[in-house]
Amino acid sequence: MNRSFHKSQTLRFYDCGAVEVKSKFGAEFRRFSLDRHKPGKFEDFYKLVLHTHHISSAEVTIGYADVHGDLLPINNDDNFSKAVSSASPLLRVFIQKREEADHYGFGAGTLRKKKALVAPRDEGPRRRAQLRIGLPRDFRPVSSIIDVDVLPETHRRVRLYRHGCEKPLGFYIRDGASVRVTPQGLEKAPGIFISRMVPGGLAESTGLLAVNDEVLEVNGIEVAGKTLDQVTDMMIANSHNLIITVKPANQRNNVVRAGRAPGGPGPSSDSAASAPGRPPPRVLQNFHPDEAESDDEADIVLEGALEPRAPRAQPAPPGPSRPNGAGLAPRLQRELALGGPGRGSSGSIHRLLSALRPDPRHSLVLPPGGVEEHGPAVTL
Amino acid sequence: MRRFLRSGPDPARERLKRDLFQFNKTVEHGFPHQPSALGFSPSLRILAIGTRSGAIKLYGAPGVEFMGLHQENNAVVQIHFLPGQCQLVTLLDDNSLHLWSLKVKGGVSELQEDESFTLRGPPGAAPSATQVTVALPHSSRELLYLGTESGSVFAVQLPAFRVLEDRAISSDAVLQRLPEEARHRRVFEMVEALQEHPRDPSKVLIGYSRGLLVIWDLQGGRVLAHFLSSQQLENVCWQRDGRLIVSCHSDGSYCQWPVSGDTPHPEPLTSSVPYGPFPCKAITKIFWLTTKKGLPFTIFQGGMPRASYGDRHCVSVAHDGQQTAFDFTSRIIDFAVLAEADPAAAFDDPYALVVLAEEELVVIDLRTAGWPLVPPPYLSSLHCSAITCSHHVSNIPLKLWERIVAAGGRQHTRVSPMEWPIDGGTSFAPPPPQRDLLLTGHEDGSVRFWDASGVCLQLLYKLSTVRVFLTDSDPSENLSAQGEEEWPPLRKVGSFDPYSDDPRLGIQKIFLCKYSGYLAVAGTAGQVLVLELNDEEAEHAVEQVEADLLQDQEGYRWKGHERLSARPGPVRFEPGFQPFVLVQCQPPAVVTSLALHSEWRLVAFGTSHGFGLFDHQQRRQVFVKCTLHPSDQLALEGPLSRVKSLKKSLRQSFRRMRRSRVPSQKQRPGGLPGEGPKAAQAGLRDMELAPVQRKIEARTAEDSFTGFVRTLYFADTYLRDSSRHCPSLWAGTNGGTVYGFSLRVPPAEHRMDEPVRAEQAKEIQLMHRAPVVGIVVLDGHSVPLPEPLEVAHDLSKSPDMQGSHQLLVVSEEQFKVFTLPKVSAKLKLKLTALEGSRVRRVSVAHFGSCRAEDYGEHHLAVLTNLGDIQVVSLPLLKPQVRYSCIRQEDVSGIASCVFTKYGQGFYLISPSEFERFSLSTKWLVEPRCLVALAEPKNHRHPHNGGRPEKASHRARNSGSQSDGEEVLKEIQSTLEGGQGSCGDWHSRRMAMGYGLSNGEAE
């Protein structure tokens, strides 16, 4: 799956102070530029955007695509300047009317995924009213509890996102004995447990996993009957998108299903469960095998051919697209796919290649913040 | 949509799968691990070996093999064939007796256990009263006499194992019937020997450990004669005519006692200590065998001078003034002498001595002067030196086969001309479909070539790479040590030699091109040898080249072993594979992958630091590529730095053991309820006590040993563009990187003038970073590319070079198909993410259908770390079948597995045994044989002695063969189906010949 983020264009603008902005509203594009070093205030930018797109009245949200392909919001000075400074080189801006935008939270993979992820809005208590906290959808999720509606209340299905962040997953598992209720009474059975959390690791920072939680499933596959090494291998193999179902050792913080937080992920949560019929409880609802594949990290391919040749980046084969195409993400994807190929000049590819070539051994050591781990394929 | 289409098995495909795949463990090759007992049936001419794990294996003529396993898993202590029957009794070390029989089912014999039995004494008797020490199957075929530790002899009726109380011979009864003067010493103790009179079934000889020998009349219940020796008795032998008894003793002496009616209490006729006068060890077993010519054979075990040769394992043979002490490489379990089988014959006329040592079986020809060895067709010691790697080559062209056999033939100069003497039973196994070679690399730097075509794994040729190097021990030293007149007359026999002079010599990778006869062999110290098959002896210098894989990277220090120093100047090589190029990797780390392309004359090799390509035609290095990650200090420093972690892990595991042992002992005297849950609970307890934890972390580029080159592959494919294909070299590393190099090989006419060029064309980093264990290119029809020269020899369809090629990369976790020349992911199958298993071994195999003659499919045979074997389809990567094959804990078994090109495979079940398995319905090599009682008329020979009769049998055999020559040729040519190997393949013709003559005899 080569969804191309044209690194090739990097070089064209690399030294300029100007940042090219490509702004999209509905089906319309506008292009303008900003000063990379002095982007100015968000307010001004917002006005500029409204002006260029001739949007008069409606409230809009502004988002941009970051290097990972994630759709992130621009709603204050800080993230605006971050967006401009990290634009490499093109800043892709997406504008949506606020009412439309509600259905699609910002977050990981929205650009690349057909389905929007449901960021649990009720995650974490909102303590002080006076502190201005952005909406949860304005953040990139690092973890989520999923499938609350299909799992027993005593279980918790946690999804860990590793957006190419440098944070380690940071936990250990061990063998242990779990007590199960059977018709014959209580019985002990071997089980897999979380044995240790690495301070500062992703697992710990989510607060959703704890030492002595029993691991029941890894990405929808039961671990019962599997050895510790097997489960370890499964977790590592799924580490880019790890979904663990646990039975928390501390059962006091369980989600009580009847009392699901008001304003919680109502329709959007259900829309994720677009699988036909009611899936059996064991099935991961928000995670289909197909999705796993498209969601998978693509391999990096460096073609070291030296004779000049045209770039042959192919658009991503159209995946099973959602019929409800009103959302931003599918459109966006289409746009990217169309806008992608043929744009890059072969000359720039060669400049990049020659930049990579002198020491091919290091060719895969990508610039920090570049395409790494979670990034799409770099096909040059 | 696709998701729904995928689900639900397609019935047509399921049917086809049944025609293609089937899992069988067919035969065990090699020498049984830890043998503990030997039995031989003179009438069936079948050899039986019992092991410490309770297995019993029967061997007859080549191809006639049976295996049985006692449920108890206790060591087999004794094996006794019942005279004149297809039955045998085994005694285990738990004092249980088991009756096995060979039953004919569907024209094929099967070994099965009929009865088991444990001798029980009267209540309150000491356990020693019923502890069986010797067993004697009586020639009446109904009784089994059991001597015990208490000195009693019990009679048990067969086959039901019914104890006959009235037939028992208690020590009291014997004592009462002894004359006064013999009773004064405590002569009883345990029964050491029990023998039936060779001519008179009513008499048995009972030998007690304190030295008393008694001839007992079974009918009259009285002592016919008694002999009293001053030494502890070890064993006895009754001369064929019953007139002489030879006893052997614990002081290394043996005595002869005349048996005659008149003198009831004779002194020994002679008493001698063969290796005296200094104290000797016991002679534990003795045979006294008469010959037609007059002088007897004395064959005994042990008796060596205690001080100087007490540690030797010897069987001595003395005959006609000659005496040789065969000095074995390991402890002797037991030995048997093959002699005249007919009890009525006048003389023994022994012709072969079969010695079962702990690590090998040795057969000595007693008819040929000098007593040479008879090379066994089976039970070969695979582990003469520890096996370090193996490589299988299917379907060897006849020409190469013959040359290897010829080279091997010249290595066995002093072997007996005798046909294999253990030839009971008839093999009905179809002739092997093709000639297969299994090559094993050993720790001592040798490579052994085994004929793996059929049921018998037989050594064809042995190659040693030691000559190329300077080692501490000079090979000429051993030769000079021999030849001097010495006493005892020791003669070393056997090939088991587990001690390696230099661990660096160990062979790690082997690659043989069956069409050109080029062989590449790589070892522990980074040495890569390229060898060529030469039918003549030759003396030449081996060209040496150093391959610097670090390519002037600064600041690294290799702390591992030094590289081997090559022998300067010309070296003499015997006929066979002769090395001509030696490439030494620098740093001299273990060679981890090897590939040879005989058409392009290129050899590629990889270590933990990188890989290189060598042109062995021009003898030039083409390129080297360093694959190290700069931060990978561990790989740079070499194996020494790993020692620390090994020590650490050892310490941890000891700690764990200690912790888990204590409570398990405490828990022993617990209650009885329900075995199952109890065992599970014990397992749980161990788990709680030994908290092993595993870190969950994504792999990163900084992990150790990412540069380790796991696989190398040559392919002629579309690497750069879709219009031109070119030679290419692919390499996969432990860190999930795949490198593709395009090669320019000059045309044949300029092959020596122009250099081979290579440049990197692709670099793929698998994002899951799992080690790459296999790379295959599929042609336009999605068929794996053929081997080099395969097309040139018309043995394969030329690959489809029109359509687009595909690259299959197999990592430990996933299978992935990429398009070529533009590399983009097309298909994948995740294994680890879904099952938690990892790929350990993968190979492309062709599966033929058992129904349609010419139908076949190429698929991947995969072995996982859980010991499962799976077939994954090509090119769609759909799992087809899965069988569990090897125990998950059997790490060495999993590591040793090799697949063949036709869906079979081998893995080590012990250091000395390969288990052969088959995934194919079509290619199945398994023993199919019949053992029937020889008709007495047929077996009772017209002349004296068994051998002449055998010889005439063979003569007739060859006569019939020449008669049927035409027919045979015809059969053969149809069998071979134009495979281009029509000819007289020796072993096949032999097999056919047997079949015909057997038909004639009936």
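Residues numbered from 1 in each chain as written. Chains lettered and ligands numbered in written order. Predicted model: local features only at pLDDT ≥ 70, side-chain atom pairs only at ≥ 80, totals over all residues. Heavy atoms only, no water.

Before going further, it helps to spend a moment on unusual backbone geometry. All names here are of chain B. A cis amide bond links Gln586 with the next residue in sequence, Pro587, at an omega value of -5°. Structurally, Pro587 can be placed in the loop between strand S42 (576-586) and strand S43 (593-597). With an omega of 0°, the peptide bond running from Leu820 to Pro821 counts as cis. The phi dihedral of Leu379 is positive, around 55°, even though this residue is not glycine. With respect to the secondary-structure elements, Leu379 resides in the loop between strand S29 (373-374) and strand S30 (387-393). (Helix = DSSP H or I, 4+ residues; strand = E, 2+ residues; numbered from the N terminus.)

As a further point, take the packing of aromatic side chains. Residue and element names in this part refer to chain B. Inspection of every chain in the model, using the stated rule, returns 28 aromatic pairs over all chains. Ring centres of Phe287 and Phe335 lie 5.5 Å apart, and the angle between their planes is 70°; on these two criteria the pair is classed as edge-to-face. On the criterion of sequence distance, the pair formed by Phe287 in strand S22 (residues 283-289) and Phe335 in strand S26 (residues 332-338) is long-range, its members being 48 residues apart. In this structure, Phe287 and Phe335 share a single accessibility class: buried. Here Phe449 and Phe577 contribute two aromatic rings whose centre-to-centre distance is 5.2 Å and whose plane-to-plane angle is 15°, an arrangement assigned as stacked. Of this pair, Phe449 sits in strand S33 (residues 446-451) while Phe577 sits in strand S42, placing them 128 residues apart in sequence. Residue classification places Phe449 among the buried residues on the basis of a relative accessible area of 0%. (Phe/Tyr/Trp six-rings, centres within 6.5 Å; stacked < 30°, edge-to-face > 60°. Buried < 20%, exposed > 50% of the residue type's maximum accessible area, 1.4 Å probe, protein only.)

Residues and elements named next belong to chain B. Here four strands make up an open sheet; going across it, the order is S18-S19-S20-S21 and the pairing antiparallel. A strand with exactly one partner marks an edge of an open sheet, and here the two such strands are strand S18 (233-238) and strand S21 (270-272). Taken over all neighbouring pairs, the strand axes of this sheet differ in orientation by 15° on average, direction set aside. Direction of pairing for S18 relative to strand S19 (residues 244-249): antiparallel, over a ladder of five bridges. Directly across from Cys237, in S19, lies its bridge partner Val246. (Pairing = 2+ DSSP bridges. Axes fitted to C-alpha atoms, helices over the stretch in contact; angles between N-to-C directions.)

This brings us to the nonpolar core. Residues and elements named next belong to chain B. In terms of nonpolar packing, the biggest core is built from 36 residues, with Trp730, Leu807, Phe815 and Leu860 touching the most fellow members. Of all the secondary-structure elements, those providing two or more residues to this core are strand S48 (709-717), strand S49 (726-733), strand S51 (757-765), strand S52 (772-778), strand S53 (806-811), strand S54 (814-819), strand S56 (839-848) and strand S57 (856-864). Here this core takes six residues from S52, the largest share from any one element. Setting aside residues no more than four positions away along its own chain, Phe815 makes contact with Val809, Val810, Leu827, Lys828, Leu829, Leu831, Val839, Val842, Leu860, Val862, Val872 and Leu877. Of all hydrophobic cores here, the second largest spans 34 residues; its members include Ala407, Leu460, Val468 and Leu582. (Core = buried A, V, L, I, M, F, W, Y, C linked by side-chain atoms within 4.5 Å. Contact = heavy atoms within 4.5 Å.)

Residues and elements named next belong to chain B. Considering the arrangement of structural elements, one finds Gln256 in strand S20 (residues 254-258). Along the chain, Gln256 and Ser271 lie 15 residues apart, while their C-alpha atoms are 6.5 Å from each other. With sequence-adjacent residues up to four places away left out, Gln256 is seen in contact with Leu244, Ile245, Val246, Pro268, Leu269, Thr270 and Trp288.

Right, let's get into the sheet that holds strand S14 (residues 191-196) of chain B. In a beta sheet, neighbouring strands pair by backbone hydrogen bonds and run either parallel or antiparallel. All names here are of chain B. In spatial order, the strands read S14-S15-S16-S17; together these four strands make up an open sheet with antiparallel pairing. Only two strands of the sheet have a single partner each, and these edge strands are S14 and strand S17 (222-228). Mean inter-strand twist for the sheet, computed between neighbouring axes without regard to direction, equals 20°. Note: strand S15 (residues 203-208) against strand S16 (residues 212-217), five bridges, orientation antiparallel. By the bridge assignment, Val204 is partnered in S16 with Trp216.

Residues and elements named next belong to chain B. Confidence along chain B averages 82 in pLDDT terms, with 83% of residues attaining 70 or more. Segment residues 640-644 is flagged for pLDDT under 50; beyond a separation of four residues in sequence, or across chains, it makes four contacts in the model. Scored below 50 in pLDDT, residues 936-1002 makes 63 contacts in the model with residues more than four places away or belonging to other chains. Interface predicted TM-score (ipTM) for the complex: 0.76; the corresponding pTM is 0.77. (pLDDT = per-residue confidence, 0-100.)

Residue and element names in this part refer to chain A. Among the surface-exposed residues, Val179, Val181 and Leu186 lie close enough to one another that they form a single nonpolar patch of about 330 Å² accessible area. In this structure, Val181 sits in strand S8 (residues 171-182). Given the relative accessible area of 73%, Val181 is considered exposed. (Patch = residues over 30% accessible without salt bridge, like charges linked within 9 Å, V, L, I, M, F, W, Y side chains within 5 Å. Areas by Shrake-Rupley, 256 points an atom, 1.4 Å probe, with all protein chains shown as cover. Salt bridge = Lys/Arg side-chain N within 4 Å of Asp/Glu carboxyl O.)

All chains considered together, the criterion is met by 42 salt bridges over all chains. Between A:Glu217 and A:Arg157 there is a salt bridge, with its nearest N and O atoms 2.8 Å apart. In this pair, A:Glu217 is assigned in strand S10 (residues 214-218) and A:Arg157 in strand S7 (residues 156-161), connecting sequence segments 60 residues apart. The burial state of A:Glu217 is the same as that of A:Arg157; both residues are buried. Close ionic contact of B:Glu812 with B:Arg710 constitutes a salt bridge, the shortest N to O distance being 3.3 Å.

All names here are of chain A. Inspection of the secondary structure puts Ser178 in strand S8. On the basis of relative accessibility, which here comes to 3%, the residue Ser178 falls in the buried class. Within the local environment of Ser178, its side chain forms a polar contact with the side chain of Glu214, the two groups lying 3.4 Å apart. In contact with Ser178, not counting residues within four places along its chain, are Glu187, Lys188, Ala189, Gly191, Phe193 and Glu214. (Polar contact = N/O pair within 3.5 Å; in protein donor to acceptor, adjacent residues only side chain to side chain.)

Glancing now at helix H2 (residues 11-20) of chain B. Residues and elements named next belong to chain B. Turning to H2, its buried residues number three or more, namely Lys17, Asp19 and Leu20. Axial view of H2: buried residues confined to an arc of 160°, hence all on one face. Along H2, the residues that are exposed and aim more than 90 degrees away from the buried face are Pro11 and Arg18. In this structure, the buried side of H2 is in contact with strand S1 (21-30), S56, S57, strand S59 (879-884) and strand S62 (913-920). (Arc of directions from axis to C-beta.)

Residues and elements named next belong to chain B. Across the six residues of strand S3 (residues 46-51), six count as buried, placing the element largely inside the fold. Where burial is concerned, the two faces of S3 agree: the one with Ile46, Ala48 and Gly50 and the one with Leu47, Ile49 and Thr51 are both buried. Where strand S2 (residues 35-41) lies against S3, six bridges are found, and the strand directions are antiparallel. Its bridge partner lying in S3, Gly39 is registered against Ala48. In this structure, the hairpin formed by S2 and S3 is closed by a connection of four residues, where Arg45 is found at a positive phi of approximately 55°. In terms of strand pairing, S3 meets strand S4 (residues 55-59) through four bridges, oriented antiparallel.

Residue and element names in this part refer to chain B. Within the secondary structure, Glu65 is located in strand S5 (residues 65-69). We note that Glu65 is buried and unpaired, the nearest opposite charge coming from Lys57 at a distance of 6.9 Å. Setting aside chain neighbours within four positions, we find Glu65 in contact with Val27, Glu28, Leu58, Tyr59, Tyr378, Val455, Cys456, Pro927 and Cys929. (Lys, Arg positive; Asp, Glu negative; His and termini not counted.)

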